[in-house]
Structure formats: structure tokens, C-alpha cells
Amino acid sequence: MYLETHDVVKQYANHLALNKVSISVPKGTVFGLLGPNGAGKTTLIRIITRITAPDSGDVMIEGRQSVGNDIYNIGYMPEERGLYKKMKVGEQAMYLAQLRGMSKKQAHHELMVWFKRFDIMDWYNRKVEELSKGMQQKVQFISTVIHDPDLLIFDEPFSGFDPVNTDIVKNEMLRLKDEGKTIILSTHNMESVEELCDNIALINKSQVVLQGNVFKIRKDH
Ligand code: ADP
Ligand code: ADP
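First, a word on scope: everything that follows refers to the structure included in this document. (Residues numbered from 1 in each chain as written. Chains lettered and ligands numbered in written order. Predicted model: local features only at pLDDT ≥ 70, side-chain atom pairs only at ≥ 80, totals over all residues. Heavy atoms only, no water.)

**So, the pairing of strand β3 (residues 30–34)**
The buried count for β3 comes to 5 of 5 residues, which makes it a mostly enclosed element. Residues Val30, Gly32 and Leu34 line one face of β3 and the alternating positions Phe31 and Leu33 line the opposite face, and both faces are buried. Examined bridge by bridge, β3 and strand β8 (residues 182–186) share 4 bridges and lie parallel to one another. Along β8, the bridge assignment pairs valine 30 with isoleucine 183. Judged from the 4 bridges that link them, β3 and strand β9 (residues 199–204) form a sheet pairing that is parallel. Residue pairing across strands places phenylalanine 31 opposite asparagine 199, the latter belonging to β9. (Buried < 20%, exposed > 50% of the residue type's maximum accessible area, 1.4 Å probe, protein only. Helix = DSSP H or I, 4+ residues; strand = E, 2+ residues; numbered from the N terminus. Pairing = 2+ DSSP bridges.)

In C-alpha cells:
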């Protein structure tokens, strides 16, 4: 899907977190959201996913104002990720898939596809607490993409991964992009930005200070 924000403003008690932020994310591309801690990236993502309401400004999906049902068409992997530690991995993933609107049958089918794809079938009956941080992150990744949303948003998705798993997940992102998914990637990992992103927005002190095609920006700066 094609996503835009128009002049989004968000004020917390005494802090202007977003000051007229407009981004434009073309369909079937990877869009990098860059900037220092505290810049406003997570706030912008939370507004796009409708977790937080903006004070003013619009989120436009396919050129029309975003509505409640759109959340089922967005997959969001937040930076602070939580799985229920005592649940089995398969049960947890099934639960999350059903929360995202899938039937039990659909969820099970897609889970099998993804667990095979990541070669983690043997994790299915293990408890979440037995998995390393990186392993849990893979389960979170699957839970984010399993319901086949058109817009995927990843906040620091590589932070718990070793280089091998980082590459595996990067390749999955590129495959999803080739399928036509639109991806927003918030990260400090510049290598992944170079490898994955078509366009970027640099946010600093609540404002977009630079936006455009990665190669053009690199040529011009
Ligand atoms: P990030 O890791 O993206 O910088 P933060 O650590 O700023 O995120 O925020 C983590 C969580 O705490 C978010 O859910 C955010 O909304 C909330 N939060 C951050 N700063 C404040 C604050 N000053 N008051 C209340 N909640 C906050
Ligand atoms: P980033 O993701 O770029 O690190 P955030 O969007 O998490 O930035 O935060 C932007 C600013 O807004 C930070 O100064 C943060 O402390 C503040 N902030 C975030 N969430 C809240 C909140 N719920 N209440 C108050 N301040 C917040």
C-alpha cells in the first residue's frame, strides 16, 4: 500500500514530539526512518499504526484517510517486544495470529509455512522462555508478517540478531518487498539502510530534516 503522512503534529505534556511531519512511502518499497534517540520515530510509527492519535495532521493510505480497519492491514514489530514466557512457541504464535484476525486453520497453515522457511519446526513445542533473545525475535517477526499485511513496520528489527540471522531476516524483508509489500524500517543500523532502503526520512528534533531516494541523497551529500 501507498502511505503518506501530512503535517502530523504530536505534543506530549511539555514536549513537541512531532512538528508537522510529512513522509511519503511508495508501494512496494522499503522506507528507512532514521534519526537519533528521542527524535520522534516511535511516536510517528505509533500514529501510523493508530496506537496514538495525532493532535493534527493526517495519515493517508492509498490516498484516503486511514480508518480503524486499516490496522489489520499493518504488521508492526515494536522495539519493546513481549512474548508470554510460559507459553509454548507454537501456541504463542497461533494466539498472535488469531489476534490479528486469522482463523485457526489459516493461522496454523501459515505458521507451518514460516516455521519451515526459518527451519525452526523443532521450536514449536518449546516454551518461549527457553529461546534466546534472537530466537524470540524470529517468532516476533513471523507474528508480524503472518497475516499477510500490505504495510510492515519494523522498529530496530536486527537489534538481537547475530550477523547470520540478520542476513536471513534482511533477505525475508527483500522477498516481502518483491511481493509488493510496503516496509517501514526504523533503525540505527546504517548497513541495513544501505542494503534495504529505497527512500529514507531523517528525523531530528521532531522534524523531517531530509527525505528522498537513498542513492540520490548519498550522491548529493
Ligand atoms: P525509544 O527506545 O524509541 O527511544 P523510548 O525509550 O523513548 O523509546 O520510549 C519507550 C516507551 O516509553 C514508549 O512507549 C514511549 O511512548 C514511552 N515514553 C517515552 N518517554 C516518555 C515520557 N517522557 N513520558 C512517558 N512515556 C514515555
Ligand atoms: P524515538 O523513537 O525517535 O527515539 P520517540 O518517539 O520514542 O523517539 O520519543 C520522542 C520524544 O517524545 C522523546 O523525548 C520521548 O521521551 C517523548 N515521549 C515519547 N512518548 C512519550 C509519552 N507517552 N509521554 C511523554 N513523552 C513521550
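**What to know about the site of ligand 2**
With respect to spatial proximity, the complete set of residues near ligand 2 consists of Tyr12, His15, Ala17, Pro36, Asn37, Gly38, Ala39, Gly40, Lys41, Thr42 and Thr43. Between ligand 2 and lysine 41, the relevant distance is 2.8 Å, taken from an oxygen atom to a side-chain nitrogen or oxygen of the residue. For ligand 2, the protein covers 58% of the area, taking 560 Å² as the surface of the free molecule. When contributions to the shell around ligand 2 are tallied by element, the ones reaching two or more residues are β2 (15–25) and α1 (41–48). Per-element tally for the shell around ligand 2: the top contributor is α1, with 3 residues. Along the lines of polarity and charge, the residues of the shell around ligand 2 split into 4 nonpolar, 6 polar and 1 charged. (Near = heavy atom within 4 Å. Polar contact = N/O pair within 3.5 Å; in protein donor to acceptor, adjacent residues only side chain to side chain. Areas by Shrake-Rupley, 256 points an atom, 1.4 Å probe, with all protein chains shown as cover. Nonpolar A, V, L, I, M, F, W, Y, C, P; charged D, E, K, R; others polar.)

**A word on the site of ligand 1**
Lining the immediate surroundings of ligand 1 are Thr42, Arg46, Glu79 and Glu80. One of the side-chain nitrogen or oxygen atoms of threonine 42 is found 2.8 Å away from an oxygen atom of ligand 1. In the environment of ligand 1, an oxygen atom lies 3.2 Å from a nitrogen or oxygen atom belonging to the side chain of glutamate 79. Within the complex, the protein chains bury 34% of what would otherwise be the 550 Å² of accessible surface of ligand 1. In terms of residue class, the shell around ligand 1 is made up of no nonpolar, 1 polar and 3 charged.

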